[in-house]
Amino acid sequence: MPEGDTVWLAAQRMDTALHGATLTRGELRVPQLAAVDLTGATVTEVVPRGKHMLIRLADGRTMRTHYRMDGSWHVYRPGTRWRGGPGHSIRAVLATPSWECVGYRLHDMAIVPTAQEDQLVGHLGPDVLGPDWDLDEAVRRLRSHPDEQIGVAILDQRNLAGPGNLYKVESLFLCGVNPWARVADVPDLPGLVERARTLMLANRHRPEQSTTGDTRRGQDHWVAGRKGRPCRRCRTPIVLGDQGPDLQERVTWWCPRCQAEPVPVDPRARTGLPGTEPRRARY
């Protein structure tokens, strides 16, 4: 799933293309919005909110899109071939005389009065990359569920908006925290949150996402995508497992030595029932 920094960068590019411009083409190719024609509307700004993108119009409306796992916006000059995927995957086309913004496989598309944007994003926690960032509030929200696994809590956008799986696993590794540790047992929760934010700030201006400082392929991450390869710190093989509620599991990489398993482990592991272990590691 695209991270908040990916959406942030896309919003900056979309804002550059559409800010203050009147749309010469405004097609929305989803059933619930198929009758809406945005042609003639003027875009006042495009802003990110966590993993959501908000396109605000001068007539007092806001259009929201979300990438989920496979969505993307592409910006082209007129006459350039669109390369984001097959035509049937296009969900929106917003064009001006100078630019064409094409949305592929977009999700959660909606239009509401700008004054009612909270209907769409009001549930989100402080935006890691936004002007409303508030470390104390993010930590307060995390601590309000002390028994939640930290790897699950970091991804809950109601706690803090923006981080995804990459920044979860990388910040946990850098802080030496096991993904299955309880929130209450994380020794420096503010430091962990700030580490995730620092990584995202460092990557928001480029499409490449490096947490090591090296953008070369294979050298760009500490644990993500490195199952079975030696830890860059201790040489122990990196482990891959599944974490999260049933049907919402996310793959999670970690170093079993640098991020020692918390004690006690998740009490579900003691039941002996299939599928109740706190993690399913893939060595």
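Here the structure is shown first, and the text comes after it.
Please read these numbers as outputs of a predicted model, since none were measured by experiment.

Conventions and cut-offs
- Residues numbered from 1 in each chain as written.
- Predicted model: local features only at pLDDT ≥ 70, side-chain atom pairs only at ≥ 80, totals over all residues.
- Heavy atoms only, no water.
- Axes fitted to C-alpha atoms, helices over the stretch in contact; angles between N-to-C directions.
- Helix = DSSP H or I, 4+ residues; strand = E, 2+ residues; numbered from the N terminus.
- Parallel < 35°, antiparallel > 145°, perpendicular 65-115°, else oblique.
- Left-handed = near helix turned anticlockwise from the far one by under 90°.
- Contact = heavy atoms within 4.5 Å.
- Nonpolar A, V, L, I, M, F, W, Y, C, P; charged D, E, K, R; others polar.
- Pairing = 2+ DSSP bridges.
- Buried < 20%, exposed > 50% of the residue type's maximum accessible area, 1.4 Å probe, protein only.
- Polar contact = N/O pair within 3.5 Å; in protein donor to acceptor, adjacent residues only side chain to side chain.
- Core = buried A, V, L, I, M, F, W, Y, C linked by side-chain atoms within 4.5 Å.

(A) Inspection of the packing of helix α5 (residues 165–174) against helix α6 (residues 189–203) at higher detail. For the pair α5 and α6, interaxial distance at closest approach is 9 Å and the crossing angle is 125 degrees. Our classification of the angle between α5 and α6 gives oblique. For the pair α5 and α6, the sense of crossing is right-handed. Judged by residue contacts, Tyr 167, Glu 170, Ser 171, Leu 172 and Leu 174 of α5 engage Leu 192, Arg 195, Ala 196, Leu 199, Met 200 and Asn 203 from α6. Residues of the contact of α5 with α6, tallied by class, amount to 7 nonpolar, 2 polar and 2 charged.

(B) Quick peek at the packing of helix α3 (residues 135–143) against α6. At a minimum axis separation of 10 Å, α3 and α6 run at an interaxial angle of 120 degrees. The orientation of α3 with respect to α6, classified from their angle, is oblique. Every pair of crossing elements has a handedness; the one defined by α3 and α6 is right-handed. Contacts between α3 and α6 involve Leu 135, Val 139, Leu 142 and Arg 143 from the first element and Leu 189, Pro 190, Val 193 and Glu 194 from the second. A breakdown of the residues in the contact of α3 with α6 according to their chemical character gives 6 nonpolar, no polar and 2 charged.

(C) View of the sheet that holds strand β1 (residues 25–28). Strand order in the open sheet made by the 4 strands is β1-β6-β7-β5, with antiparallel pairing throughout. The open sheet is flanked by β1 and β5 (72–76), the only strands paired with a single partner. Shown here is a sheet whose adjacent strand axes are inclined to one another by a mean of 15 degrees, direction ignored. Where β1 lies against strand β6 (residues 90–95), 4 bridges are found, and the strand directions are antiparallel. Along β6, the bridge assignment pairs Arg 25 with Ala 95.

(D) Layout of the side chain of His 66. Here His 66 is to be found in strand β4 (residues 61–66). Given the relative accessible area of 10%, His 66 is considered buried. Within the structure, His 66 has its side chain in polar contact with the backbone nitrogen of Arg 68 (distance 2.8 Å). Setting aside anything within four residues of it in sequence, one finds His 66 in contact with Lys 51, His 52, Leu 106, His 107 and Asp 108.

(E) How the structure looks around the nonpolar core. In terms of nonpolar packing, the biggest core is built from 36 residues, with Leu 142, Ile 150, Leu 160, Phe 173, Leu 189, Leu 192 and Trp 253 touching the most fellow members. At the level of secondary structure, the elements contributing two or more residues to this core comprise α1 (4–18), α3, α4 (150–153), α5 and α6. Ranked by residue count, the leading element in this core is α5, at 6 residues. Residues Met 14, Leu 23, Val 43 and Leu 57 belong to the second largest nonpolar core, which totals 25 residues.

Geometry only, nothing functional implied.
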